[in-house]
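Breakdown of the fold
Spelled out from the first residue to the last, the chains are:
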Amino acid sequence: MGIMGSSFTFQPVLERIAAEIEKSPGRGRPADYIPALAARDPRRFGMAVAEPDGTVYGVGDWRQPFSAQSITKAFTLALTLAREADQLWEHVGREPSGNPFNSLVQLEYENGIPRNPFINAGALVVTDRLHSHTGDAVGTLLDFLRAESGNPGITPHEDVAASEAAHGDRNAALAHFMASYGNIGNPVPVLLEQYFRQCSIEASCADLALAGTFLARHGIRADGSRLLTRSQAKQVNAVMLTCGTYDAAGEFAYRVGLPGKSGVGGGIVAVVPGRCTLCVWSPGLDERGNSVAGVAALDRFTTLTGLSVF
Ligand code: GLU
């Protein structure tokens, strides 16, 4: 029976990948821009796969909460796109930036319109707009993550949020700079508090794989209601593929062949449209900010299963 057969289970492939990762020597280094992340052990590894019906498979530390960081940007993009559709693209672009995630330079010659929703400037715009629509961007995001994962315990880590704020000069500069172009609607301190709390949300591989299944279900939520049109779900997946893994999206597409969104906490969410959503976590990062073991595990997953968008 082929991989799509009814008796198929992802469990053996996850166990094989975990055994291979266990033997691999290089793990990269945890993010060190705030102390709370630097303390993580790079040998931790977890991976989960969630199917559209909510079946979830996992291995290693797949139930261990970790700092979701920029993975949350895929969810705020979806929640904002659901509310304002194409109007969003007047405020943020959708092209890879070719610059580091927290770069300021491009913003000036592009008149305060960030290149895409996943560099920090673009994510700030998206969170600002979600906050304007809802009055509580982080609360809206938490409601969504909790409902989709079935885990009411998903929550921001207040120490991490405080530490982000204490080291947040560059994000503050980006927000003020965009505000000067009229591209931020809320007071900058309000936006920054929302953004730092958003980045500090802790969730496990199981939680985030389940929360991302709406992208494998072409926009349909766990309760059967529609968050995004089929085209919008395609758009979010496309932006993840082209911009979701910092300045290494080309290499990620080449190796893994799936839409993915990574975070400096060491997590990566990846989507096989129509089939499943994955989340992998290992805190050691490469020089571009992506989890070394995480990318390796996703690379092995698509090679072993033949599942990819290409
Ligand atoms: N919270 C970090 C920041 O905004 C980055 C998060 C990430 O890229 O995962 O600087």
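Definitions and cut-offs
- Residues numbered from 1 in each chain as written.
- Predicted model: local features only at pLDDT ≥ 70, side-chain atom pairs only at ≥ 80, totals over all residues.
- Heavy atoms only, no water.
- Core = buried A, V, L, I, M, F, W, Y, C linked by side-chain atoms within 4.5 Å.
- Buried < 20%, exposed > 50% of the residue type's maximum accessible area, 1.4 Å probe, protein only.
- Contact = heavy atoms within 4.5 Å.
- Near = heavy atom within 4 Å.
- Polar contact = N/O pair within 3.5 Å; in protein donor to acceptor, adjacent residues only side chain to side chain.
- Areas by Shrake-Rupley, 256 points an atom, 1.4 Å probe, with all protein chains shown as cover.
- Nonpolar A, V, L, I, M, F, W, Y, C, P; charged D, E, K, R; others polar.
- Axes fitted to C-alpha atoms, helices over the stretch in contact; angles between N-to-C directions.
- Helix = DSSP H or I, 4+ residues; strand = E, 2+ residues; numbered from the N terminus.
- Left-handed = near helix turned anticlockwise from the far one by under 90°.
- Pairing = 2+ DSSP bridges.
- Parallel < 35°, antiparallel > 145°, perpendicular 65-115°, else oblique.

Some remarks on the nonpolar core
Counting residues in hydrophobic clusters, the biggest one holds 63 residues, and the most contacted among them are Phe75, Leu124, Leu208, Phe214 and Leu228. Leaving out residues up to four positions away in the same chain, Phe75 has contacts with Leu141, Phe144, Leu145, Leu208, Ala211, Gly212 and Phe214. Of all hydrophobic cores here, the second largest spans 26 residues; its members include Ala18, Ile21, Phe45 and Val256.

Description of the site of the ligand
Surrounding the ligand, one finds 12 residues, the nearest of these being Gln69, Ser70, Tyr195, Tyr246 and Val264. Here Ser70 contributes a side-chain N or O atom positioned 2.6 Å from an oxygen atom of the ligand. Considered on its own, the ligand offers 290 Å² of accessible surface; in the complex 95% of this is hidden by protein. Here the shell around the ligand is composed, by residue class, of six nonpolar, five polar and one charged.

A closer look at the packing of helix α5 (residues 120-134) against helix α8 (residues 169-180)
For the pair α5 and α8, the least separation of the axes is 10 Å and the interaxial angle reads 65 degrees. Considering how the two elements wind past one another, α5 and α8 form a crossing that is right-handed. Of α8, the residues touching α5 (which contributes Asn120, Ala121, Leu124 and Val125) are Asn171, Leu174, Ala175 and Met178. Residues of the contact of α5 with α8, tallied by class, amount to six nonpolar, two polar and no charged.

Observations concerning the environment of Gly54
Locating Gly54 in the fold gives a position in the loop between β1 (46-50) and β2 (56-60). Considered as a pair, Gly54 and Asp207 are 153 residues apart in the sequence and their alpha carbons are 11 Å apart.

Quick notes on the sheet that holds strand β8 (residues 276-281)
Two orientations exist for strands paired in a sheet by backbone hydrogen bonds: parallel and antiparallel. Spatial ordering of the open sheet is given by β2-β1-β8-β7-β6, a layout of five strands whose pairing is antiparallel. Every other strand in the sheet has two partners, leaving β2 and β6 (260-262) as the edge strands with one partner each. Strand-to-strand twist of the sheet, defined as the mean angle between neighbouring strand axes without regard to direction, takes the value 10 degrees. Across six bridges, strand β7 (residues 267-272) lies against β8 in antiparallel orientation. Looking at the pairing, Ala270 lines up with Leu278 of β8. In this fold helix α14 (residues 292-305) packs onto β1, β7 and β8, with an angle of close to 145 degrees to the strand it touches most, β8.

Some points on the packing of helix α3 (residues 72-84) against α5
The description of two helices packed together rests on the angle between their axes and the distance between the axes. Where α3 meets α5, the closest approach of the two axes is 9 Å, and the angle between their N-to-C directions is 50 degrees. In terms of their interaxial angle, α3 and α5 are classed as oblique. The two elements α3 and α5 cross, and the hand of that crossing is left-handed. Residue-level contacts link Lys73, Thr76, Leu77, Leu79, Thr80, Arg83 and Glu84 of α3 to Asn120, Ala123, Val126, Thr127, Arg129, Leu130, His133 and Thr134 of α5. Grouping the amino acids of the contact of α3 with α5 by side-chain chemistry returns five nonpolar, six polar and four charged.

Worth remembering: the numbers are spatial, not functional.
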